[in-house]
Amino acid sequence: MKILHDTVNLDQFFNTVANSQNPVLLLDYDGTLAPFTTERDKAFPYPGVTDLLKSIQSDTKTRLVIISGRAIEGLLPLLNLTPAPEIWGSHGLERRLPDGTFQSTPLQKKQKEGIQALKDWITKQNLQKYSESKPGGVAFHWRGTDKGTSGMIKALVHNTWDNNIDRYGLAVNEFDGGIEVRLAGISKADAVNDIVAHTQTDDAIAFLGDDMTDEDGFQALKSRGVSVLVRPEFRNTHADIWLIPPAELLDFLMRWRDNSL
Ligand SMILES: [Mg+2]
């Protein structure tokens, strides 16, 4: 574990967690709680993570929230928590509350047209086997393919979809293991901002994530909470802390659990 900013004091932070009425723990899923795998429907959490999340859910005063790029529907069976915690899916486009209430930001007409055009294009280009369709766009995954294939997908997507923000309200974002065409202007920062706005100012908040899309959330949390980059290798980040999964992740979750009992 490495503290990246002098202003962050982890002991002090966990004291705040202990003193909070409802501390808030925000967690990304893929790459953070679960290691990457080429079979995305089998991306289960690291051993020990599920038990700790269950304990945090049932034994502590924590508001546990998952914020993922995945669609919520695909995430529920992997997360395998009953009851499911609050989940923000599709980078904040959809939200499911613990009582099962489901909310989703409606798509504009041009965005619907754009997603249909994107799906037609995928069929024409024969890219179905790399694509994951979501409510707010399509992700192309190239983990496990050769360099030629990933380069080909990346170039095709950029060349065709880079300039569609005005026409369709869609933007291209690269992530660890692929590239995604999705609604412009919606990001994990929306989820974080909403959660921060509904949290008492003396309640501790932390957000753990691994990917470029989590940086939006890290920035949104600046000066309000602690953001944690969870990643085997370091990279430039807005996060306050870097930790290496799974051992340091388990330590952090355990410490959170013990302080929020
Ligand atoms: Mg991730």
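Further up the page is the structure itself.
Please read these numbers as outputs of a predicted model, since none were measured by experiment. (Residues numbered from 1 in each chain as written. Predicted model: local features only at pLDDT ≥ 70, side-chain atom pairs only at ≥ 80, totals over all residues. Heavy atoms only, no water.)

Participant: Sorry if this is basic, but what is going on with the overall build of the protein chain here?
Facilitator: Counting secondary structure elements, the protein chain contains nine helices and 13 strands. Rg of the C-alpha trace for the protein chain: 18 Å, near the compact-globule value of 18 Å for 261 residues, within the 12% margin. In terms of its C-alpha atoms, the protein chain occupies a principal-axis envelope of roughly 55 × 35 × 35 Å. When each of the 261 residues of the protein chain is scored for burial, the buried share is 52%. A separation of at least 24 residues holds for 57% of the contacts in the protein chain among residues at least 6 apart in sequence. As displayed, the protein chain offers around 12100 Å² of accessible surface, 48% of which is attributable to carbon and sulfur atoms. (Helix = DSSP H or I, 4+ residues; strand = E, 2+ residues; numbered from the N terminus. Rg over C-alpha atoms; globule rule 2.2 N^0.38 Å. Buried < 20%, exposed > 50% of the residue type's maximum accessible area, 1.4 Å probe, protein only. Contact = heavy atoms within 4.5 Å. Areas by Shrake-Rupley, 256 points an atom, 1.4 Å probe, with all protein chains shown as cover.)

Participant: Would you mind going over the coordination of the magnesium ion with me for this structure?
Facilitator: Put simply, the ideal angle at a metal is 109.5 degrees for four donors in tetrahedral geometry and 90 or 180 degrees for six donors in octahedral geometry. Distances from the magnesium ion to its protein donors, namely Asp28 (OD), Asp30 (O) and Asp210 (OD), fall within the range 2.1 to 2.2 Å. Site description for the magnesium ion: donor spacing in sequence, D-x1-D-x179-D. Within this pair, whereas aspartate 30 is found in the loop between β2 (24–27) and α2 (49–59), its partner aspartate 210 is found in the loop between β11 (205–209) and α8 (212–221), the two being separated by 180 residues in sequence. In this structure, aspartate 30 and aspartate 210 share a single accessibility class: buried. (Donors = N, O, S within 2.8 Å, 3.2 Å for Na, K, Ca; no water.)

Participant: Even after reading the chapter, I still don't get the nonpolar core, so can you show me in this structure?
Facilitator: A general trend in soluble globular proteins is that nonpolar side chains are found buried together. With 36 residues, the main nonpolar core has Leu25, Leu27, Leu208, Phe252, Leu253 and Trp256 as its most contacted residues. Looking at this core element by element, the count peaks at five residues for helix α9 (residues 247–259). Here leucine 25 is in contact with Ile56, Thr62, Arg63, Leu64, Val65, Ala206, Leu208, Phe252, Leu253 and Trp256, once residues within four sequence places are set aside. By size, the runner-up hydrophobic cluster in this structure holds 20 residues, among which are Leu93, Leu118, Trp142 and Val181. (Core = buried A, V, L, I, M, F, W, Y, C linked by side-chain atoms within 4.5 Å.)

Participant: Looking at this model, I keep getting lost on the environment of threonine 199. Mind explaining?
Facilitator: The topology assignment puts threonine 199 in the loop between α7 (188–197) and β11. Judged by relative accessible area, threonine 199 falls into the buried class, the value being 12%. For the pair threonine 199 and leucine 156, spaced 43 residues apart in sequence, the C-alpha separation works out to 43 Å. Ignoring sequence-local partners within four residues, the contact set of threonine 199 consists of Val24, Arg63, Ile205 and Arg224.

Participant: Is there a simple way to explain the sheet that holds β11 in this structure?
Facilitator: Within a sheet, each strand pairs with its neighbour through backbone hydrogen bonds, oriented either parallel or antiparallel. Spatial strand order, β1-β13-β12-β11-β2-β3-β4-β5-β6: nine strands in an open sheet with mixed pairing. This sheet does not close on itself; its edge strands, each paired only once, are β1 (2–3) and β6 (102–104). Across four bridges, the pairing between β2 and β11 is parallel. The partner of leucine 26 across the bridge, within β11, is phenylalanine 207. Strand contacts of helix α3 (residues 72–79): β3 (63–67), β4 (86–89), β5 (94–96) and β6, with the helix running at about 135° to β4, the strand carrying the most contacts. (Pairing = 2+ DSSP bridges. Axes fitted to C-alpha atoms, helices over the stretch in contact; angles between N-to-C directions.)

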